[in-house]
Every structure is written in structure tokens, then in C-alpha cells.
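Here are the chains, one letter per residue:
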Number of protein chains: 2
Amino acid sequence: MKETVYTLTDKIDNDLACTCLSEQERAEIVSELKPLLSKDAIVLAQINPTSGDVRGNALKAFEWIKWAQKLEVNAIVFPEMYLIGYPIGDFIDRFPLVVEENIEWLEALAKKTDDKTKVIIGFVEFNKSKKGKKYYNSIAVLTGGKIERVIRKSLLPNYAEFNDYRHFEPAPVDSLNRITNIGDDKAGIIVCEDGWNDFDFFDKNLYSVDPVEVVVNEQHPDFLLNCSSSITRAKKEQLKHNMLGFAAKKHATPIVYVNQVGSNECVSFEGASRVYDKDGKLVAMAKSYSEQFFIVSPTMGGKIYPLPNGLEKTLNSQKAFTLDHEPDLERTYLTIIQSIRDYFKKTGFKRAVLGLSGGLDSTVSAVLLADALGAENVFGISMPSKITSVESKNDARELAENLGINFTEVSIKDMFDSTRSKFDEVFDSIDAQWDCRYKECFTNDNIQARSRALILWGVANEFQSCLPIATSDKSELYMGYATINGDMSGGFAPLADVSKTKLFALARWMNKNRAIKNAIPEAIIAKRPGAELAINPKTGKPLLAEEALMPYEFLDEVIWRVENLQQTIGDMMQAEFLHEKHLVQEGTPLSKEQKMEWLKKFFRRMSTSLYKWTIMPPSPIVDARSINKAEYRHPVIASKINYNKTTFEEKLQELSK
Amino acid sequence: MKETVYTLTDKIDNDLACTCLSEQERAEIVSELKPLLSKDAIVLAQINPTSGDVRGNALKAFEWIKWAQKLEVNAIVFPEMYLIGYPIGDFIDRFPLVVEENIEWLEALAKKTDDKTKVIIGFVEFNKSKKGKKYYNSIAVLTGGKIERVIRKSLLPNYAEFNDYRHFEPAPVDSLNRITNIGDDKAGIIVCEDGWNDFDFFDKNLYSVDPVEVVVNEQHPDFLLNCSSSITRAKKEQLKHNMLGFAAKKHATPIVYVNQVGSNECVSFEGASRVYDKDGKLVAMAKSYSEQFFIVSPTMGGKIYPLPNGLEKTLNSQKAFTLDHEPDLERTYLTIIQSIRDYFKKTGFKRAVLGLSGGLDSTVSAVLLADALGAENVFGISMPSKITSVESKNDARELAENLGINFTEVSIKDMFDSTRSKFDEVFDSIDAQWDCRYKECFTNDNIQARSRALILWGVANEFQSCLPIATSDKSELYMGYATINGDMSGGFAPLADVSKTKLFALARWMNKNRAIKNAIPEAIIAKRPGAELAINPKTGKPLLAEEALMPYEFLDEVIWRVENLQQTIGDMMQAEFLHEKHLVQEGTPLSKEQKMEWLKKFFRRMSTSLYKWTIMPPSPIVDARSINKAEYRHPVIASKINYNKTTFEEKLQELSK
């Protein structure tokens, strides 16, 4: 019997969810499959909603519901918040109309349900009480033309990218109401975070109640059904897998978990909906990063699709900083591709234009854009200045040819000259009034970066559905090594949460794993990064980024320690960095003074980069932690934090002065 | 005796808080005042902290504490979160070091306390339990060299600009622990929002407990002491006044309220610390918008400084949209001035540079900058293109002369020409590959706006501590009528929460109320707004904003209805707009079709402007509601919201297709 279930789900995969099939073709699939289904079969609707597009989401759900009804399965289960989309920012606060609409669409869908196939679906509900927040984050069970019951979320995440408690009232755990019959089974419904507070599994718990425990102990369901919108982050998958398996085993109750797929602006959902049996063993799992009409048997399991690298491995493999990014590259690639594709699609854009400098950032961006949007929809423009080397120009051209994207080259020399000449005129006037001109500054560097962005935005003005791309990476954003209205300006920033050392690894990974091998010229990966905006007077060559900043290997470990270990200068002086180990191996150990200097430089530059973070375009969250403003907000004026702890005695002394 | 108290506070005002006084001068004030103080005198430290600058805040507090000790008052009371600053964004999550530091500074300050003068001060505390959030938002009572007790906040606001619940665990109301003796009185301590949940005062309550009621009923304090960081918003002051007075009277207990002053990035605190007697009557109130070492008697009151217009009047006066912005202009002016001044000071900037177009936005910005930073620290640059009229150039120059700010003029014609010529080259290349060129577009308009921003950012690169200013206003931001990397780009955007009709009123108000009258040339206020970036083919003159958008009077009312009444198209079609009344008076009533067209245009343009909101520079929140991203976040991809409700029947029909 288990074999049958496997065959079934293997066969239909996401075909029923695929709009490319005709009614006729789908009907054939249905008639073939129907007699083979196990009697407890249900559909996990691993689906990609658009936030705010209630009508679109409802109509799409209905398409899926119709096929579930034709298959006569016991239920089709949608993710948390499906009807309104997730995340929502704050729009339900300002536009309660959207909530009214999602309720009416829910009621309209309810009218279309029959007695056989229950529809279980996330929506936003008004809180009609005189106390508490305006709304509930709820799941509705629809059957026989009616709303059978509504389950309200109890545990409301409000950290990092989650803001549930801004809008939703936490509901007491009413275990009886969480029970609904699905076929011959009694199912207990859990809403996402409600399943993340096991007191035995976690060392520290955010909430004082575990709804899973309450529901199991009071109602003894045959299985638990967790409707989620759970975001992909580095290191999160292994945690999720361990936790779901642990809870299933602990309560000797199978857990069926359905998750949203797709990206909504900054956050990405990987799907990977699944079933754990009562022994905590994974017995069914949907594909990642694609919609799937996934049929499972809550008691017998289903097909197990393998997870991409990164979803499998990253949790336990990264307790220390490493340059071996390999385990997380496939997930990183898929997350960014999905983010680009969905951002363009959901905002109505189709084409991308970007500057190709022959450097790593623009190169990796171009590959990802080509894979996400199709090479024909990408335009790369090489925009050399007098500092740009012949090699860089050639590398850019070769890359474009290899990728098959559109390409052109245009010199920015004339723009630079006319701008510079106006600057001289303005600066002389100002100099006559203000006695504060810098002796050395980045004015000329920035004219170049800004002239290039001016061209890219010009293209976006002139050609339909075309978005310019910001190519800044995470390492450079921490350092403020990015030009306002220059390379950090664009409609979307695909690499903003990818550090430089990981970008190198990603470039090599793509060369190896894409259909067309080695599209990225080796020269681009081999050369040391530099913006080619200024000449280093010491070398007479274009200034390298590591000369202006610090070694990327060191920098990326600082970032990793800040984000993952919350370390500051004192902690890091105690720790041994990978870069220090490498220098010891090379016989040139790092001095404490140099290390301290780099650490201070890191926090000094970070403090003056906070403004740049606030004006970064939308970008995908990829890492375990990020500086994406959907997750982390640091007031610009909070720039005087002392990242180097003083002692209590020093403080007392300061007060005694 | 009451007279004495008045005289005292009147005399010292904020002199003791003023760093311009010598130790000698302050000592003289102290010796003169001390014998006159009532025996229950306490100091309300209405003070301006910098978020994250724990050391700076602690040292400043200590200066104030020393003077309180010399005066031998019973207590000095600081605002909520004072030591760490407020707001904090998320930095305490990533940098627990800051919290460690604020605890050590608290302990160091405690060591410096004596037995006479208690220090009551807000800080962030670790939650050491294994359950719940990482921190508490707490108030410490320091006395005799020790921490006497710690009071934890129970009600955690998490809406609009507040994010308490992201980081803090709500504490149960422990009424006994909230009691401390101050002189001969028993005081009950309330932390900001803890005082905002009276079940009789509010129709709808966010929380299920009223800590004020619990403390009063269980402990019968002689007075309540509310330590706050309460933000100024249009219409909020009257609510606060009514609520505090109501609670004091209801519980027959005086309420002493101390509030932060100053601006931290987007949010502004007006101060206005105060005392209500047991009959609910206001008996003491500090100045607004300035630091104040404010001595009061909790039982007898103190001096009452008048509030600025706007803090007094706005609540009840704006139940309907009005063009009479007069009641809120003084508050608006003071809020923006304080925001500019504090943003520059706290981020280390000193000078501002802005483009002067001769239009309203740049004009009002220039006046506010001159008043906030000093005219000598402001540089206005007129940057005409071929579309700029002679009148605009002259108006800009005249304004600069009237204000006494620095001024220069530079033509952007050459920059435009060299950019346009490069664009032609690039566009031809792209046109050969992509068949999607617009017939009409904003390319040329935007070259002008972006060339100007390029110059302003160049000045910021070349001259020390100089920030370019973005001049976009709220009406235009809703409409996306602002150029990316152009007029909406800058280090700070003073007008982003001021609508166009209010800007006109503010300009006239400043002409009347500033020391130098009529600095703004009447011609600037009289002319109809237009960006002077393009020619209207119908008139042959520069395109006016209202021709491109809709009448500002109508637009601003739509914004007002969206923000304050959460209305959408259906509601607004039912309502009668002020603009409609005016048109009836003029004998040219507005057709339903035209109204519907404007409303649809509003939401269509707003939906495509969401991206621009995400990359807006920091700007002060001024209105009752705003689109500042510190308060309101709307995902860019949530652009398909249907703002025109459909009926249930229409939905059912769509499902039946």
C-alpha cells in the first residue's frame, strides 16, 4: 500500500498545479489516479500566494480545490495566511478592506465545498472583542458549503522578519476546537509557531504554553496538521526537521506539515511540505522551491523528494566560521533565483539591466538574473571609465557572450568630464564660504559609480517593465563600501545578503552545476576584488578592496560572529580567526595590534554605514541572520555604541572625574 | 506655598540642565533656591538621550543627579529607557553588550547616590528566566549607594512606531514592588504604556489589565509617577491630557508624568512633563521641545508653561479634513526643527546642502534648515536647466538672501547634454535587441533631477560634515511624484510627512512668526507647484503638478482619509470632499466619474510608489499617521490590493465562471 502512495505522488507531482496543462489532460490524470488513492489521502497545497492579492490567491486556491474535489480526497490543506498572503507588513492595519475581502472570499470558497473534501485554509479574522489587537491569524475548515470551524493562532512570533504581534491577538489554546475529522481520522490543527515551543526540545522557550502538548493530551488526535508559512534561512532546515520529528515521536502522533513556497519581497519559503510518522520518521516530503499539489497519506506517508543541499546540511555544519560554503550553495542559489523571479513577477517587471564591470558582484548577479528571468530578458552594460582595465572590459564581454544575455558597451568618460567640470565650478563657490574642504575624498570615485547608475535608471525609464539591479554584496554593505545612488542603487539587490567569500564559492559552484558549464570566465574569479574607481598611489594600480578595507576572509568572519554569536570586540580578540590560522601556517602570524585595528575599523565603518542600510533596495534574505531591514533595524543615530566593553571600575572612575 | 513653587521653577527653568553655565553660576542658583524648596520637591529630568550612546547618556544623567543632590530634593526622575536611549530598533538583539553596558552604568550611578535624593531611571534589564523574551523594559530606583528596586513594564506597545514586544517580556503587575517612598510620600511607579489602558476612558483596550488601577487599589499610593518616552503626533496631546487628568481624578491620586524630549531619527518627543492633582487638574507642566530640569511638588504642583499651538488644540479640531492647518503649524515647525537639529548632532553632521528650485518644497526646507542649523551652515544651490524659468531662478536667489544662507547658481545644461548623448548611444543598442521602448517617458525629466542630486552628493563628498537634503513632500511621495536618485535622495528628508496644502500654510505661518518676517518671497507661495522638468504640450508651459496628478486639495484629503479613517474607494465615493464643496460654490460641481477617476489614480499611483517608500531617507514623523518606514511598512510586492471592494455575489460569480 505504501508503494501505491509513492507511485501516485510521483506521477502527478505538481502537474495538477501546473497551469500549462489543459482541463482535458488534468481530467485524464484524475481518472487514472482516483481509483489508486488510499482512503485517507489528503492534498498538501504547497502554493505561492502574492501578499495583498486576495482575489488572485482565492481564484488560484479554487482551481486547486476543484481538482482535489474531483480526486475525492478527504481534504486539501493550504498554508497559514494563504488568502491574504504572507508577509503583510502593516497593510491590514491601514486597509481593513483587505481583511473584509479575505473574509468574503473565504465565505465564497466555503459555498463551493462539498461534503467529501474538506478545505483547510489560512486567513485573517477580525477580533470583534472590545479587548486586544484588531485581528486573529486563523485557519478555517470549510466543508459542505459552510465554515465548519475557525482555529486561531496562539503563539505569535515577533522577532527578526516576523511581526505577528503587531496585528494579531494571541488566542488561548482551545484544544477541542482544534479538532476536526478528516476522513476517518481525528486531526488536531496547529498554526505554524504553535508547533515551535516544545519544552523538552528547546533549551529556552519564548512562550509559556505548548499548544501541541495541550491538543495531544486533551484530545488524542490521530494526527496533527501544521499549517505554516515558514521561511528558509541558513541552518534552519535541520532544526525544523529535528523538531518536527522529535514532537511526533514524543507524542506518538504523526505530524503533517504544509508550507508555503515562493518569495514575497525579502522573505523566501522553500516549501518542502512533509509527513512524520508516530515514530518521528520522515515518511513524505514535497519538492522544494516549486509549487506542488502533493498527495499524502497522513498515516502511511507518501513520496520523499530529496532536499537541495543546504536545506539538508547546514545546521550542524556551521558551528564555526568556514570558507567551505559548499553545503549551503545550492539552497543559496535556489533562494535567490526564486526571489528574483517572484519579485519581478509580483511587481509586474520582466527585464533587468545591470552594469557589467568584469568584477565578481556584477558577474554573479548577471548569472542569477539570466537563470531567473531568461537570458533574453537581461541587458548587461559595460561602462568603462579611464581607470577601467582592458581585462575588465573583455571579461564583461566574454561573460555576456557565455550567458547569452544582451550586451553593450558605453564609455562614461564624457559624463565624468562634464560632471567634474560643473563640480569644480560649484566647489569653488562653496570653498569661498566654507572652510571645510577635504584634502582627500571619494568625489571622483563616486562620480563614476553614479554616472553608471544614471545610465541604468535611464534605461529603466525608457524601456518597458525593466528594472535596474543593485549589485552590492553583504561584506561591502557592512563596510559602507558601496556608493549611494551608485552601485547600491537599483530596483532589487540580489546579493545583499551574500558575503564576498561565499560569492566566490557560489561563482565556482555555478560554473560547475549550471547546464552551461564555466560561463563565468576564470579570470573574473581569480582576480582580487576592487571597484576600479581610484588608483592606489602606493601601487600605481587600481585600489583593491582588501587594501581599502581588510582581508575578506577576516571581514566575513567578523560578520559571521556578529550575526550568529552576537560577539563584540572583546570576545573576538579572545577567539582565533580562520584568517589567523592561515597566517600562522604561512609563517606570518597576525599581530594583536593589527587584529584590534581591523576590529575597530569594522565597527567604526559599520556605524557610519547604517544610513546606507536604510535606503537599500529590496533584497532576498539568505543567511541565518542579515541586515535586511525586513529583519534587522538599527537606527542611524545609534552610531555611538561602544563595541569595546569598559570595566565597571573604568565607569566609576569616569563618574569620579 | 504654591506661589513659591511656581517662582522656583520659573527661575531655574532649564538653567541647571544648560551646559553653558559655569559650576560657579549653578552653585549660586542652588544656594539661592535650596531654602525655598517645598519639602516634597522632586526633579523631573526632561532630558534628550541618544540611542545606543549609553556612556554619554549616563554621564549626562550624572551631571543632573549631582545638582539634584545639591538641592537635596527627594528624587530626580528620568524617562523610560533613558540609559540606552529610545527607540532602539533591534540593536539590543544583536549586541547584548549594549545591555551589559547599561547595567554596569546603572550600577555605577547607584554607587553615587546618597540617602536623601532617590534616582529613578529607565534602563534595559536581562530576563534571566528560561522562558520568554530576552529583556525587560525596566525602571530602577537608586538610593544610598544601591539599587533599591526594579519595576518592569507590563504593557508593551507594538504598533506603529512602537516595537516593545519584539524584545521585551511583559511582566505581571506586581503592585507592591511598584511602591517606593519619596520623601514622606508613597509613590506608585508606572512605565509609560502601563498608564494607557483605563477601561473607563477607552472604548477599546489593547490589554486586559490596567496597572494603574491595580496599583491604586492594592497599595493606595500618595501619588503615581509615570516614566515615559511618549512621542508627539498630531492629535495626540489632547488625548494624553484628557487621559492623565481622567485617571488622576478617577483614582483621586495625583499623577506625575516625566517625558523624554528630543528627536531620535524619525520619532520626536516633545517633553511637556507634568503633574495632575487628585482632582485631575493640571498643576505643573514643563516647557516643550527643550531639556528641562523641572522642579515640582507632587502634591502642590509647580509652574505651568504654555504648550505650543498644536500640542494644545489638534485633537478635537480635526475630525474632518480641513485646509486650516493653523492649529498644528507651531508643533509641526518645532518638531521638524528639533528633528533636523538632533539628527545632525547625533550623527555628527553640521552642514546641509540643498537644491533651491524656487519651488515650495525646497523653499520650506531651506527655512527649516536655516532655523535648525544656523543660516551659515546651509548652502542653497540653484541648478537651472533649459526649462527653468527666470522667475524661479530669481525667487531662489531672493530667498537665500532673505534667509542669509550661502548660495550659488550653476547650470546643469552641460551635464544634461553629455548624459543625453550617452543615453542615445545606449538606447539605440538596446532598441536593437528589445522591442519595448516607450513612446513617451520621463527619461529627460529624470536626467535633470538626477544631475542635481549628483551635484549635491558631490558636495557632501567634498566638504566635511555636510549632508544633502531630500525635499520630497508627503503628497508627492504618495503619488510617486519624486525621482529616485533625484529629489527624493538625500541624507535627511525634513518634509516627507508634510502634505502640500499644509506646506503652503506652513510657509505663510513662518513668514508671519519667524523673527525675520516674510523671508519667503510671496511669489513662491503664490505660484502653482510644478517640477519644471517637462513642458506641458497643451499649454506650452512647464507642466504643473496638479495637471500631472490631481488637485492637491483633493489629493491631501484622500491621504487624510486613508491614514486617519482607513477609508478606501467605496467609502470615499460616499463622502463629500472639501474640494467638492468648493467646486459647488464655484458653480462647477465635480462629476462622479471624475472623482472615481482620481480615486483610482490615487491607489494605482500609490501601489507603484511603494518601492520609493522603502528607499526614502530618514525623515521626521509629524502627522497623526505617516508612511515613514519606522511606522508603516507595506511590502512592494503587495501592489495588487483591490482598493475598490467587490460584493459577495460578484465573488461567487467569479468562482462560477
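Presented here is an overview of the structure given in this document.

Cut-offs and rules
- Residues numbered from 1 in each chain as written.
- Chains lettered and ligands numbered in written order.
- Predicted model: local features only at pLDDT ≥ 70, side-chain atom pairs only at ≥ 80, totals over all residues.
- Heavy atoms only, no water.
- Helix = DSSP H or I, 4+ residues; strand = E, 2+ residues; numbered from the N terminus.
- Rg over C-alpha atoms; globule rule 2.2 N^0.38 Å.
- Contact = heavy atoms within 4.5 Å.
- Buried < 20%, exposed > 50% of the residue type's maximum accessible area, 1.4 Å probe, protein only.
- Salt bridge = Lys/Arg side-chain N within 4 Å of Asp/Glu carboxyl O.
- Pairing = 2+ DSSP bridges.
- Axes fitted to C-alpha atoms, helices over the stretch in contact; angles between N-to-C directions.
- Buried area = accessible area lost by both parts, 1.4 Å probe.
- Least-squares fit on C-alpha atoms with pLDDT ≥ 70 in both.
- Phe/Tyr/Trp six-rings, centres within 6.5 Å; stacked < 30°, edge-to-face > 60°.
- Parallel < 35°, antiparallel > 145°, perpendicular 65-115°, else oblique.
- Left-handed = near helix turned anticlockwise from the far one by under 90°.
- Nonpolar A, V, L, I, M, F, W, Y, C, P; charged D, E, K, R; others polar.
- Right-handed = clockwise from strand over helix to strand, strands pointing away.
- Expected span 1.5 Å × (residues − 1).

### Notes on the overall build of chain A
Counting its regular elements, chain A contains 23 helices and 18 strands. Taking 2.2 N^0.38 as the reference for a compact globule, 657 residues should give roughly 26 Å; the C-alpha atoms of chain A span a radius of gyration of 27 Å, in line with that estimate. In terms of its C-alpha atoms, chain A occupies a principal-axis envelope of roughly 80 × 70 × 55 Å. Within chain A, residue pairs in contact and separated by at least 24 positions form 71% of the contacts whose partners lie at least 6 positions apart.

### Some remarks on the environment of K60 of chain B
All names here are of chain B. Residue position: K60 is located in helix α3 (residues 54-71). Residue K60 is classed as partly exposed on the basis of its relative accessible area of 26%. Along the chain, K60 and Y632 lie 572 residues apart, while their C-alpha atoms are 33 Å from each other. Among residues more than four places away in sequence, those in contact with K60 are I47, N48, Y82 and E291.

### Describing the pattern of salt bridges
Residue and element names in this part refer to chain A. Applying the stated criterion across every chain yields a total of 106 salt bridges over all chains. Residue E125 pairs with R152 through a salt bridge whose shortest N-O separation is 2.8 Å. Of this pair, E125 sits in strand β3 (residues 118-126) while R152 sits in strand β5 (residues 146-152), and the two are 27 residues apart along the sequence. Relative accessible area serves as the criterion here: at 33%, R152 is assigned to the partly exposed category. The salt bridge involving E425 is made with K422; its shortest N-O contact spans 3.0 Å. Residue E425 and its partner K422 are both found in helix α13 (residues 413-431); the two are separated by three residues, about one turn of the helix. A relative accessible area of 37% means that E425 is categorised as partly exposed.

### Considering the sheet that holds strand β15 (residues 351-355) of chain A
All names here are of chain A. Taken in spatial order, the four strands of this open sheet run β17-β16-β15-β18, and their pairing is parallel. Looking at strand neighbours, the two that pair on one side only are β17 (406-409) and β18 (466-468), the edges of this open sheet. Pairs of neighbouring strands in the sheet enclose a mean axial angle of 20°, with direction left out of account. Note that β15 and strand β16 (residues 378-382) share four bridges and pair parallel.

### Examining the pairing of strand β14 (residues 292-296) of chain A
Residues and elements named next belong to chain A. Of all the five residues making up β14, five are buried; the element is thus mostly covered by neighbouring parts of the structure. The alternating pattern of β14 places Q292, F294 and V296 on one face and F293 and I295 on the opposite face, and all of these are buried. As judged from the five bridges shared by strand β1 (residues 42-46) and β14, these two strands associate in the antiparallel manner. Bridging from a neighbouring strand, Q46 pairs with Q292 of β14.

### Section: the interface of chain B and chain A
On the chain A side, the residues contacting the 144 residues of chain B number 145 residues. Roughly 13,000 Å² of surface becomes buried between chain B and chain A when both sides are summed, with 61% attributable to carbon and sulfur atoms. Considering only the side of chain B, the residues that lose the most area to chain A are R94, W434 and I637 of chain B, jointly responsible for 7% of the buried surface there. Linking chain B with chain A are 18 salt bridges.

### What about the relation of the copies chain B and chain A?
Mapping chain B onto chain A calls for a rotation angle of 180° and an axial translation of 0.0 Å; the resulting RMSD is 0.0 Å. Expressed as an axis order, the relation between the two copies is that of a two-fold axis. Looking at the rotation axis and the C-alpha trace of chain B, the residue lying nearest is I615 of chain B, at 2.1 Å. When the interface residues of chain B are mapped onto chain A, 100% of them again lie at the interface, so the same face is used by both copies.

### A short note on the packing of aromatic side chains
One pass over the structure, following the stated rule, counts 47 aromatic pairs over all chains. Between F201 of chain A and F246 of chain A, the aromatic rings sit 5.4 Å apart at their centres with planes inclined by 55°, giving tilted as the arrangement. With F201 of chain A in the loop between β7 (185-191) and α7 (211-219) and F246 of chain A in helix α8 (residues 236-250), this pair connects stretches of sequence that are 45 residues apart. For F201 of chain A, a relative accessible area of 22% corresponds to the partly exposed category. The partly exposed category is assigned to F246 of chain A, whose relative accessible area is 31%. Here F602 of chain B and F603 of chain B contribute two aromatic rings whose centre-to-centre distance is 5.0 Å and whose plane-to-plane angle is 85°, an arrangement assigned as edge-to-face.

### Regarding the packing of helix α14 (residues 443-462) of chain A against helix α14 (residues 443-462) of chain B
Viewed as axis vectors pointing N to C, α14 of chain A and α14 of chain B meet at an angle of 160°, and their least axial separation amounts to 10 Å. Our classification of the angle between α14 of chain A and α14 of chain B gives roughly antiparallel. Considering only the axes of α14 of chain A and α14 of chain B, their crossing is right-handed. Residues T443, N446, R450, L454, W457, G458, N461 and E462 of chain A of α14 of chain A pack against T443, N446, R450, L454, W457, G458, N461 and E462 of chain B of α14 of chain B. In the contact of α14 of chain A with α14 of chain B, the residues fall into four nonpolar, eight polar and four charged.

### A few points about the environment of V214 of chain A
All names here are of chain A. Note that V214 resides in helix α7. Considered as a pair, V214 and K512 are 298 residues apart in the sequence and their alpha carbons are 50 Å apart. V214 has contacts with V173, S175, V209 and Q219, leaving out every residue within four places of it along the chain.

### Here we look at the pairing of β15 of chain A
Residue and element names in this part refer to chain A. Most of β15 sits out of view: five of its five residues are buried. Here β15 shows a buried face lined by R351, V353 and G355 and a second buried face lined by A352 and L354. Of the strand pairs in this sheet, β15 and β18 are connected by three bridges, and their pairing is parallel. Its bridge partner lying in β18, V353 is registered against P468. The handedness of the β15 to β16 crossover, carried by helix α11 (residues 360-373), is right-handed.

### With respect to α8 of chain A
All names here are of chain A. Look at α8: 21 Å from first C-alpha to last across 15 residues, which is about the 21 Å you get at 1.5 Å a residue. Turning to α8, its buried residues number three or more, namely K236, E237, Q238, K240, M243, L244, G245, A247 and A248. Remark: A252 follows α8 within two positions and exhibits a positive phi of approximately 50°.

### Overview of unusual backbone geometry
With an omega of 5°, the peptide bond between Y86 of chain A and P87 of chain A qualifies as cis. Take P87 of chain A: it is sitting in the loop between β2 (75-77) and α4 (91-94). Of note, the phi angle at A160 of chain B is positive, near 45°, even though the residue is not glycine. As for its position among the elements, A160 of chain B is in the loop between β5 (146-152) and α6 (164-167). We note that Y289 of chain B has phi near 60°; this positive angle belongs to a residue other than glycine. You can see Y289 of chain B is positioned in the loop between β13 (282-285) and β14 (292-296). Given a relative accessible area of 13%, Y289 of chain B falls into the buried group.

### Digging into the sheet that holds strand β18 (residues 466-468) of chain B
All names here are of chain B. An order of β17-β16-β15-β18 is seen for the four strands of this open sheet, with the pairing classed as parallel. Whereas interior strands pair on both sides, the edge strands pair on one side only; in this sheet they are β17 (406-409) and β18. Between one strand axis and the next, the sheet turns through 20° on average, direction left out of account. Two elements, strand β16 (residues 378-382) and β17, share four bridges in a ladder whose sense is parallel. Bridged to F379 within β17 is N406. Contacting β15 (351-355), β16 and β18, α14 runs over the sheet at an angle of about 165° to β18.

Purely spatial values, then, with no claim about function.
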